[in-house]
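# Structure assessment
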Amino acid sequence: MFKRLVASLPNVPVAPKALLAAAALAPDSAPVYYARLREEYRSSPITMALDGRDNPLIAPVSNADLLLQQAWAAASKSFADSLNARRRARDQSAAVAASGGVPPPTPPPIPPPSPR
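Residues numbered from 1 in each chain as written. Predicted model: local features only at pLDDT ≥ 70, side-chain atom pairs only at ≥ 80, totals over all residues. Heavy atoms only, no water.

## Observations concerning the overall build of the protein chain
To keep it simple, the criterion reads: Where helices and strands are cited, they refer to DSSP runs of H or I of at least four residues and of E of at least two residues respectively, numbered from the N terminus. Relative accessibility decides the category of a residue: with a 1.4 Å probe and only protein chains considered, values under 20% of the type maximum give buried, values over 50% give exposed, and everything between is partly exposed. Contacts are assigned to residue pairs with any non-hydrogen atoms lying within 4.5 Å of each other. Note on areas: Shrake-Rupley, 1.4 Å probe, and residue coverage restricted to the protein chains presented here.
In terms of regular secondary structure, the protein chain is built from 5 helices and 0 strands. In the protein chain, the succession of α and β elements from N to C terminus is α-α-α-α-α. When the 116 residues of the protein chain are sorted by exposure, 14% land in the buried category. Sequence separation of at least 24 residues holds for 19% of the intrachain contacts in the protein chain that already meet a minimum separation of 6. Of the roughly 9,200 Å² that the protein chain leaves accessible, carbon and sulfur atoms contribute 64%.

See below:
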């Protein structure tokens, strides 16, 4: 599949990644794929990273990765908070039902974390 992509669309931005993926899937042929990367996609960020050369595009990608990581952490926390709130409500309803309709004392709310 990856070789076919490079053969049919050699100028698309994902072509170097396709060769890298083909190399990973066929380790015996990896040197051939790496040589092709170095020959046909010399200035590709993929080839530059493979050869350990400085790549001016790495910093923006790293920043985007950092933003994605922060957004994922916030979404995960929000999801966990929602699950915890649902569990507390379920447990409280079960406690009320078990005690004959008298609700247990409610703990004070937890303040939100302070901004850093």
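## A short note on the confidence of the model for the protein chain
Put simply, the test is: Confidence scores per residue from the predictor, reported as pLDDT, run from 0 to 100.
Confidence in the prediction for the protein chain averages 81 pLDDT; 88% of positions are at 70 or higher. Here helix α1 (residues 2-8) stands out as the element of the protein chain with the lowest mean pLDDT, 78, in contrast to helix α3 (residues 30-40), whose mean of 92 is the highest.

## Regarding the pattern of salt bridges
In plain terms, the rule: When a carboxyl oxygen of Asp or Glu is within 4 Å of a side-chain nitrogen of Lys or Arg, the pair counts as a salt bridge.
The final tally for this structure, using the stated rule, is 5 salt bridges. The partner of Asp51 in a salt bridge is Arg38, with the nearest N and O atoms 2.6 Å apart. Remark: Arg38 occurs in helix α3 and Asp51 occurs in the loop between α4 (45-50) and α5 (58-98); sequence separation between them is 13 residues. Relative accessible area serves as the criterion here: at 36%, Arg38 is assigned to the partly exposed category. Among the ionic pairs, Arg53 bridges to Asp51, the shortest N-O distance being 3.9 Å.

## Structural notes on the nonpolar core
Here is the rule: Side-chain atoms within 4.5 Å link the members of a nonpolar core, which is a set of buried Ala, Val, Leu, Ile, Met, Phe, Trp, Tyr and Cys residues.
Ranked by size, the top nonpolar core spans 11 residues in total: Val6, Ala15, Ala18, Leu19, Ala22, Ala23, Ala30, Tyr33, Leu37, Tyr41 and Ile46. Of all the secondary-structure elements, those providing two or more residues to this core are α2 (15-25) and α3. Take this core: its biggest share by element is 5 residues, from α2.

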